Amino acid sequence: MLKASARKRQAKVGLPLAAKWRRDWQMVLLMIPGVLFLLVFFYLPVLGNVVAFQDFQPYLGIMHSEWNGLQNFVNLYDNPDFWDALRNTLLLAAVQLLLFFPVPIGLALIVDSLVSNRLRRWFQTIAYLPHFLSWVLVVTLFQQSLGGAGFVNNLLRHAGLDPIPFMTNPDTFPLLVVAQLVWKDAGWAMIIFLAALTTVDVSLYEAAAADGAGRWRRMWHITLPSLRTVIVLLLILRIGDILSVGFEQFILQRDSVGPGAAEVLDTFTYYAGVVGGDWSSGAAAGLAKGVVGALLLWGANSLAHRLGEPGIFQRRGA
Amino acid sequence: MRPIWKERPSPGYQAIKALVLGGFALVIVIPILVVISTSLASDRDIIDAGGYVLWPSHPTLKAYQTLFGGGLMGRAILVSVFVTLVGTAIALAVTIALAYATSRPVLFGRPVLLMVLFTLLFAPGIIPMFLMVKQLGLLDSLWSLILPGALGAFNFVVLRTFFMNVPGELLESARIDGASDFTILRRIVLPLSKAVVAVVGLFYAVGFWNAFFNALLYLNDTSKWPVQVILRTYVLQGKSLSADQLGVHPPSQPQSLQMAVVVVALVPIAMVYPFLQRHFTKGVITGAVKG
Amino acid sequence: MISRRRFLQVTGAAIATSTTLAACGDGGASSGGAKASGELTLPTYKPFEGLHPDFPGAESGLEPGFLKFPADAISSVKAPPLKSSVTALTETFATPPPPMGSNPMWQALNSALGGELKLTIGTDPGYPEKFATLLASDSLPDLMWLPPNQGIPNIGPMLEAKFQDLTKYLSGDAVLEYPNLAALKPASWRTAVVNGKIWGAPIPSTPFGQVMMGNPKTWAKVGGLQCSTADEFFAKCKELSNGTNYALEPAIINMLHMFGEWFGAPNGWRVNQDRSLTYLYETDNYKAAVEYAAKLWAAKVFYPDLNLADATPKTVNGQIAAQVTVGPRATADFRNLDPTLFVDTMIPFGHDGKAKPTYDMGYGTVGFTPFKKTDEGRIRELLALMDYLSAPFGTKEYLIKNFGVEGQQYQLDAQKNPVLTKAGNQQAPGLVSALQIMNSPESVIFNPAYPEDTRKIYATEQKLLKYAMRNPTAGTYSDTSSKLGPKLTAAFRDTIVDIVTGRQKMDAYDAALKRWKSGGGDKMRDEFAAVLPSSVPVTGS
């Protein structure tokens with residue numbers, strides 16, 4: 001009976017192990033299947049990434065391939081194309097964060113404000129469909145509508161106007177990327193915010209309305225704060241993963257706008273490593289990306305703590 | 001039903017809302033209609049349109065008949081449904097248990113949390129994974145599609161965050177009533193987190209449904225291939241690098257057939273969401289707290 | 001899917017211009033590979049007797065043409081090859097077949113072979129990964145198709161480590177024990193030679209490289225597809241591009257390859273008088289072709305969306321006037337969509353009406369299928385299987401492999417040509433594609449429903465052969481080319497596409513060329529020049 005409050009108080013102080021075990025054994029039991037999965041399907045195989053320090057050949061295996069130290073990383077560092085790809089990646093990630101990230105939140109708020117249940121369901125069902133279409137199809141459909149020979153430009157031509165190079169202008173490529181992302185995934189990303197909105201206490205609205213708070217004030221003071229944790233969480237995850245902006249979407253459109261605008265880290269790695277069966281380079285790029293991601297994740301998480309959010313990893317005793 | 005406290009929106013605001021949602025829905029519906037129309041189009045329609053068809057003038061089910069007339073499609077759907085159902089159930093159970101256990105300050109909680117977060121950053125290579133799957137004797141078994149995907153770090157983090165938001169007082173009072181950790185999870189935490197569990201379940205289901213690469217690597221028996229692998233062989237056929245490069249020239253599949261596969265791969269998973277939406281209702285927490 | 005196609009343009013070294021393909025197929029150890037290859041005695045060539053094509057083939061690469069399937073197919077093997085079951089990794093380019101258990105055609109093949117042929121069927125993408133995982137896990141099947149230049153590097157040491165040297169079973173007259181293998185041409189066999197040893201039976205494909213094909217209905221408006229000067233072609237393209245119609249498929253690199261032929265660019269490398277080598281990119285001819293392509297792009301005659309997955313239906317309906325395909329036999333792809341359409345094939349011409357054009361021949365095979373290391377008895381059994389599956393067009397074995405059993409998977413039409421039945425259409429395509437990619441006889445021209453096409457394609461091949469050029473480095477090996485070739489080519493092509501589409505100016509060409517040279521191009525040249533066989537002639541023009 002005292003267990004719970006004891007747990008809370010003593011978390012900082014530290015109990016003897018045996019006492020902790022007596023208190024927490026059920027929780028530890030619950031962890032076991034997950035930890036087992038992690039060990040077997042992640043931690044053992046992830047050790048294979050040592051090939052990043054090898055000239056790995058599948059026919060020799062890890063045991064017999066030659067070690068070459070940091071050579072794979074040096075090659076990466078020395079390649080100017082790598083830095084171009086990095087620059088593009090960061091630019092695209094920034095644009096995605098600014099222009100894509102808020103869209104599903106906005107959509108969720110609008111959908112949430114719909115009174116008609118039926119309308120709400122219909123819209124959600126439609127909005128999440130494009131998530132299931134592959135990038136190949138999405139890019140093709142965009143081309144059918146916005147391409148040089150697409151629907152819009154053919155209309156422009158009929159009207160005697162000049163076609164607009166939506167799909168081929170390297171300068172506006174980031175906008176195109178975001179537009180495609182919004183089309184494909186905004187409805188999908190909205191779902192998680194809708195789920196978060198279900199945790200809002202409805203009586204708060206009632207009370208606020210009684211106090212004379214209007215639509216906007218209610219949204220600002222009740223709805224948005226309830227989304228705050230999720231928004232921060234997703235933001236942190238996104239920042240930790242900032243070096244991945246997508247692969248297929250870019251490789252598909254690399255020719256149309258040129259590598260100058262569309263080469264990102266993942267496509268770079270693909271051409272530099274995977275294409276030639278160079279497993280080691282691929283692993284090296286993956287490791288480098290992971291280390292950077294770890295730093296970013298840590299930074300974003302600390303920032304969240306400063307803002308009073310739990311983030312994804314809590315300080316001891318927090 | 002409009003709650004009594006909610007004022008009628010101004011016509012201007014309503015118009016903007018309608019425009020945004022209506023516009024968004026329209027840009028989605030039209031291309032998807034094109035996909036469906038093309039799957040129903042005759043060869044003549046497709047050649048006249050040079051590819052995608054807005055509205056088939058001679059609609060036909062030929063593509064679907066070809067698809068299900070023989071070969072692997074029917075079986076592949078069963079495989080995909082099985083993998084998705086079983087996979088989602090296992091993954092949800094594992095993830096819920098782990099997320100709940102690490103959502104409170106308990107023994108081993110922090111190291112285990114770190115263990116999971118680490119998986120966000122690095123990925124095991126294809127070859128070591130293959131060796132592991134082989135060691136476990138899972139090659140050519142559907143379990144090779146299910147088990148490696150049983151714990152997603154993203155889903156774990158989301159679920160854990162929601163679990164952490166469950167009011168502490170609720171758990172506290174349950175404990176005072178003598179409830180075990182298992183009971184608290186089952187009786188309090190899960191019912192309060194229905195929406196997010198539904199969402200994470202959906203994320204898992206979609207992940208299992210869309211996966212194809214594991215199947216290519218781990219399954220030699222084509223009769224065990226899931227829908228997505230079949231989809232790719234139809235849609236990629238004749239356009240693949242190797243085919244071009246090698247000068248092997250299988251004519252590409254008719255556009256109608258390609259789109260029919262896209263539709264077939266889309267419909268079952270698209271049907272899941274409407275069922276989940278019923279869990280997206282508000283006010284549960286209020287009730288629970290008050291009750 | 002589009003990515004794959006694009007990928008072809010970048011690394012794939014569109015068959016005809018490739019040096020890397022040759023390097024992979026024929027290469028091996030970093031030293032001595034080429035020399036040893038020279039000392040090897042290739043399998044004795046003994047064409048299959050008892051077949052009478054309507055149009056004879058020739059050593060030049062001309063494919064024999066058949067107007068109809070030979071009546072009373074003869075048998076090319078004496079006994080079923082297998083005593084026990086065999087496992088093999090292969091790839092299908094069609095939709096995967098129903099599995100063996102529910103595929104009567106596969107079962108019929110098994111009983112003809114005398115044992116089960118258990119195929120692991122890979123698809124694209126994913127084949128190189130599948131190959132590598134099997135290799136790394138040491139769970140090799142008996143046979144593994146080894147594609148050229150698909151991301152499988154260091155073929156020489158890999159073969160030595162894991163696969164069976166077949167030289168003593170196949171070199172010289174030893175091959176005569178397997179008559180269908182002896183009927184494969186020496187040019188094909190060179191693919192299967194690495195480090196001076198033979199590692200498997202080659203898989204011949206068409207020896208022809210890329211060609212430009214145009215819809216005659218479209219080109220009729222401007223007097224036909226054939227041109228005699230580049231300016232004439234330009235003017236015709238301009239006239240054909242209006243409204244929503246465009247003259248050319250937007251596959252820049254492939255189109256550029258065609259223009260290069262008109263401007264006299266070499267096939268890969270040019271052998272100079274002093275037997276030094278000049279790479280395609282270093283020639284003024286190719287540079288001129290790039291300039292010409294940029295001019296065409298600026299005139300808006302290319303279809304404006306670069307990543308067009310499949311141009312074929314657009315060529316059929318006239319939205320695009322011409323596209324690039326592999327080999328003159330590709331006319332069949334258009335027939336498939338529109339039975340009334342026989343597309344024209346462009347015959348290369350001199351850009352100014354005077355210069356001699358070239359026509360670049362292709363690689364000619366799709367690699368070879370090596371054996372897992374094993375004992376002599378098993379080797380003989382597997383070779384017999386290879387022999388069976390390489391049975392020439394017109395034999396009983398060819399029928400069983402490609403069409404199945406009469407009355408079940410195929411029937412004879414009025415002209416006595418085999419035609420797949422409904423059951424055959426379900427069981428055959430995926431299986432046949434998987435079998436063809438691991439073993440094939442020499443190719444033929446055969447269009448059962450349109451015998452006239454066979455006659456015309458045969459004539460086209462004769463015209464193309466007048467200008468035919470082969471890559472002088474084919475069959476030799478450069479370590480650098482094998483390792484860096486694909487990456488260097490990819491980077492250079494990126495610049496070319498930028499130039500043609502106006503994203504960069506022509507002066508970027510020289511900068512890119514410099515990078516190509518210093519990045520490994522010069523080294524490649526040295527390595528190729530050092531092993532250039534004396535039999536390779538100085539490049540004309």
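Worth saying up front: this structure is predicted, and the values here are computed from it rather than measured.

## A word on the overall build of chain B
Item 1. A tally of helices and strands in chain B yields 17 helices and 0 strands.
Item 2. The buried share of chain B, taken over its 291 residues, is 52%.
Item 3. In chain B, the proportion of contacts linking residues at least 24 apart, taken out of those at least 6 apart, comes to 72%.

## Re the overall build of chain C
Item 1. Across its full length, chain C holds 21 helices and 19 strands.
Item 2. Relative to the compact-globule value of 24 Å for 541 residues, chain C shows a C-alpha radius of gyration of 23 Å, a close match.
Item 3. Taking the principal axes of the C-alpha coordinates as reference, chain C spans close to 65 × 55 × 40 Å.
Item 4. Looking at the 541 residues of chain C, the share that counts as buried comes to 61%.
Item 5. If you take every contact in chain C between residues at least 6 apart in sequence, the share linking residues at least 24 apart comes to 81%.

## Considerations on the interface of chain B and chain A
Item 1. At the interface, 74 residues of chain B touch 74 residues of chain A.
Item 2. Per-element accounting of the side of chain B that touches chain A gives the leading share, 10 residues, to helix α1 (residues 11-39) of chain B.
Item 3. Grouping the constituent residues of the side of chain B that touches chain A by class yields 56 nonpolar, 10 polar and 8 charged.

## Some remarks on the packing of helix α8 (residues 153-165) of chain B against helix α11 (residues 194-210) of chain B
All names here are of chain B.
Item 1. It is at 10 Å that the axes of α8 and α11 come closest, and there the two elements cross at 175°. The orientation of α8 with respect to α11, classified from their angle, is roughly antiparallel. Contacts between α8 and α11 involve Asn155, Val158, Leu159 and Phe162 from the first element and Val196, Val200, Phe203 and Tyr204 from the second.
Item 2. A breakdown of the residues in the contact of α8 with α11 according to their chemical character gives 7 nonpolar, 1 polar and no charged.

## Some remarks on the domain arrangement of chain B
Residues and elements named next belong to chain B.
Item 1. Taken domain by domain, chain B comprises domain 1 (1-59) and domain 2 (60-288).
Item 2. Centre-to-centre, using C-alpha coordinates, domain 1 lies 28 Å away from domain 2.
Item 3. Contacts between the two partners involve 12 residues from domain 1 and, on the opposite side, 9 residues from domain 2.
Item 4. At the level of elements, α1 and α2 (43-49) are the ones that each hand at least two residues to the side of domain 1 that touches domain 2.
Item 5. Among the elements that line the side of domain 1 that touches domain 2, the one with the most residues is α1, at 4 residues.
Item 6. In the side of domain 1 that touches domain 2, the residues fall into 6 nonpolar, 5 polar and 1 charged.

## Some remarks on the interface of chain C and chain A
Item 1. Taken together, the contact pairs 30 residues of chain C with 31 residues of chain A.
Item 2. Listed by contribution, the elements that provide at least two residues to the side of chain C that touches chain A are α1 (2-10), α5 (127-136), α6 (155-162) and α20 (479-500) of chain C.
Item 3. Looking at which element gives the most residues to the side of chain C that touches chain A, the answer is α20 of chain C, with 6 residues.

## Examining unusual backbone geometry
Residue and element names in this part refer to chain C.
Item 1. Of note in the backbone geometry, lysine 300 takes a positive phi value of approximately 60° without being a glycine.
Item 2. Residue position: lysine 300 is located in the loop between α13 (284-298) and α14 (312-317).
Item 3. Given 16 C-beta atoms within 10 Å, lysine 300 falls into the partly exposed group.
Item 4. Positioned with a positive phi, lysine 416 is a non-glycine residue whose angle comes to about 70°.
Item 5. Within the secondary structure layout, lysine 416 lies in the loop between β16 (410-412) and β17 (418-420).
Item 6. Of the residues examined, lysine 416 has 12 C-beta atoms within 10 Å and is grouped as exposed.

## A look at the domain arrangement of chain C
All names here are of chain C.
Item 1. Annotation of chain C at the domain level lists domain 1 (33-206 + 364-446) and domain 2 (211-361 + 470-530).
Item 2. Computed over C-alpha atoms only, the centres of domain 1 and domain 2 are separated by 32 Å.
Item 3. A class-by-class count of the residues in the side of domain 1 that touches domain 2 yields 3 nonpolar, 3 polar and 1 charged.

## Details of helix α6 (residues 126-135) of chain B
Item 1. With respect to burial, α6 of chain B is a largely interior element, 8 of its 10 residues being buried.
Item 2. Of the positions making up α6 of chain B, those classed as buried are Ile126, Ile127, Pro128, Met129, Phe130, Leu131, Met132 and Val133 of chain B.

## Things to note about the nonpolar core
Item 1. Grouped together as the largest cluster of nonpolar side chains are 231 residues, with contacts concentrated most on Met190 of chain A together with Val199, Ile230 and Val261 of chain B.
Item 2. A total of 14 residues in this core trace back to one element, the largest contributor, which is helix α10 (residues 173-197) of chain A.
Item 3. With near-sequence residues (within four places) excluded, isoleucine 230 of chain B lies in contact with Leu72, Met73, Ala76, Trp225 and Val261 of chain B.
Item 4. Formed by 72 residues, the second largest nonpolar core is a distinct cluster that contains Ala294, Phe302, Ile496 and Ala512 of chain C.

## Topic: the sheet that holds strand β12 (residues 320-326) of chain C
Residues and elements named next belong to chain C.
Item 1. Read across the sheet, 4 strands follow the order β9-β12-β8-β13 without closing on themselves; strand pairing throughout is mixed. In this open sheet, the two edge strands, each paired with only one partner strand, are β9 (246-248) and β13 (344-345).
Item 2. Sheet analysis places β9 next to β12, joined by 2 bridges and oriented parallel. Looking at the pairing, tyrosine 246 lines up with isoleucine 320 of β12.

## Some remarks on the environment of tryptophan 516 of chain C
Residue and element names in this part refer to chain C.
Item 1. The topology assignment puts tryptophan 516 in helix α21 (residues 508-530).
Item 2. C-alpha separation for the pair tryptophan 516 and leucine 176, spaced 340 residues apart in sequence, amounts to 45 Å.
Item 3. With near-sequence residues (within four places) excluded, tryptophan 516 lies in contact with Tyr281, Leu488, Phe492 and Gly521.

## With respect to the packing of helix α2 (residues 17-46) of chain A against helix α4 (residues 73-101) of chain B
Item 1. In the contact formed by α2 of chain A and α4 of chain B, the axes pass within 8 Å of each other and the chain directions differ by 130°. When the interaxial angle is binned, α2 of chain A and α4 of chain B end up oblique. Viewed along their axes, α2 of chain A and α4 of chain B form a crossing whose handedness is left-handed. Along its contact with α2 of chain A, which presents Met27, Leu30, Met31, Pro33, Gly34 and Phe37 of chain A, the element α4 of chain B presents Val94, Ala97, Leu98, Tyr100 and Ala101 of chain B.
Item 2. Residues of the contact of α2 of chain A with α4 of chain B, tallied by class, amount to 10 nonpolar, 1 polar and no charged.

## Examining the confidence of the model for chain B
Item 1. Taken residue by residue, chain B gives an average pLDDT of 84. The fraction at 70 or more is 89%.
Item 2. The model gives residues 283-291 of chain B a pLDDT under 50, and that stretch makes 13 contacts with residues more than four places away or in other chains.

## Notes on the UniProt feature "transmembrane region" (unreviewed entry) in chain B
Residues and elements named next belong to chain B.
Item 1. This chain's UniProt record puts "transmembrane region" (unreviewed entry) on residues 12-36, 76-100, 112-133, 145-163, 195-219 and 257-276.
Item 2. With 100% helix and 0% strand, residues 76-100 has end C-alpha atoms that lie 35 Å from one another.
Item 3. For the annotated span residues 112-133, helix accounts for 82% and strand for 0% of the residues, and the straight-line distance between the end C-alpha atoms is 23 Å.

## Some details on the pairing of strand β3 (residues 117-122) of chain C
All names here are of chain C.
Item 1. Across the 6 residues that make up β3, a large majority, 5, are buried.
Item 2. In this sheet, β3 lies alongside strand β2 (residues 86-91) in parallel orientation, the contact comprising 6 bridges. From the neighbouring strand, threonine 90 faces β3, where its bridge partner is isoleucine 121.
Item 3. Handedness of the β-α-β unit built from β2, helix α4 (residues 104-113) and β3 comes out right-handed.

## Topic: the environment of glutamine 277 of chain B
Item 1. Along the chain, glutamine 277 of chain B turns up in the loop between α16 (272-276) and α17 (284-290).
Item 2. Since 17 C-beta atoms lie within 10 Å of it, glutamine 277 of chain B is described here as partly exposed.
Item 3. Beyond its immediate chain neighbours, meaning those up to four positions away, glutamine 277 of chain B contacts Arg121 and Gln124 of chain A.

## Examining α8 of chain B
Item 1. With 13 residues, α8 of chain B ought to run about 18 Å at 1.5 Å a step, and its terminal C-alpha atoms sit 18 Å apart, in line with that.
Item 2. Close packing links the buried residues of α8 of chain B with α10 and α12 (215-240) of chain A together with α4, α5 (109-121), α10 (181-192) and α11 of chain B.

## Topic: the environment of valine 158 of chain B
Residues and elements named next belong to chain B.
Item 1. Its location among the elements puts valine 158 in helix α8.
Item 2. Using a count of 25 C-beta atoms within 10 Å as the deciding quantity, one classes valine 158 as buried.
Item 3. Residues valine 158 and valine 196, spaced 38 residues apart in sequence, show a C-alpha to C-alpha distance of 8.1 Å.

## Thoughts on the sheet that holds strand β4 (residues 143-144) of chain C
Item 1. Ordered in space as β3-β2-β4 (chain C), the 3 strands form an open sheet in which the pairing is parallel. Each of the sheet's edge strands pairs with one partner strand only, and the pair in question is β3 and β4 of chain C.

Rules used throughout
- Residues numbered from 1 in each chain as written.
- Chains lettered and ligands numbered in written order.
- Predicted model: local features only at pLDDT ≥ 70, side-chain atom pairs only at ≥ 80, totals over all residues.
- Helix = DSSP H or I, 4+ residues; strand = E, 2+ residues; numbered from the N terminus.
- Buried ≥ 20, exposed ≤ 12 C-beta atoms within 10 Å, placed from the backbone.
- Contact = placed C-beta atoms within 7 Å.
- Rg over C-alpha atoms; globule rule 2.2 N^0.38 Å.
- Nonpolar A, V, L, I, M, F, W, Y, C, P; charged D, E, K, R; others polar.
- Axes fitted to C-alpha atoms, helices over the stretch in contact; angles between N-to-C directions.
- Parallel < 35°, antiparallel > 145°, perpendicular 65-115°, else oblique.
- Domains from an automatic or database assignment.
- Core = buried A, V, L, I, M, F, W, Y, C linked by C-beta atoms within 7 Å.
- Pairing = 2+ DSSP bridges.
- Left-handed = near helix turned anticlockwise from the far one by under 90°.
- pLDDT = per-residue confidence, 0-100.
- UniProt positions renumbered as here; feature names shortened; annotations may be inferred.
- Right-handed = clockwise from strand over helix to strand, strands pointing away.
- Expected span 1.5 Å × (residues − 1).

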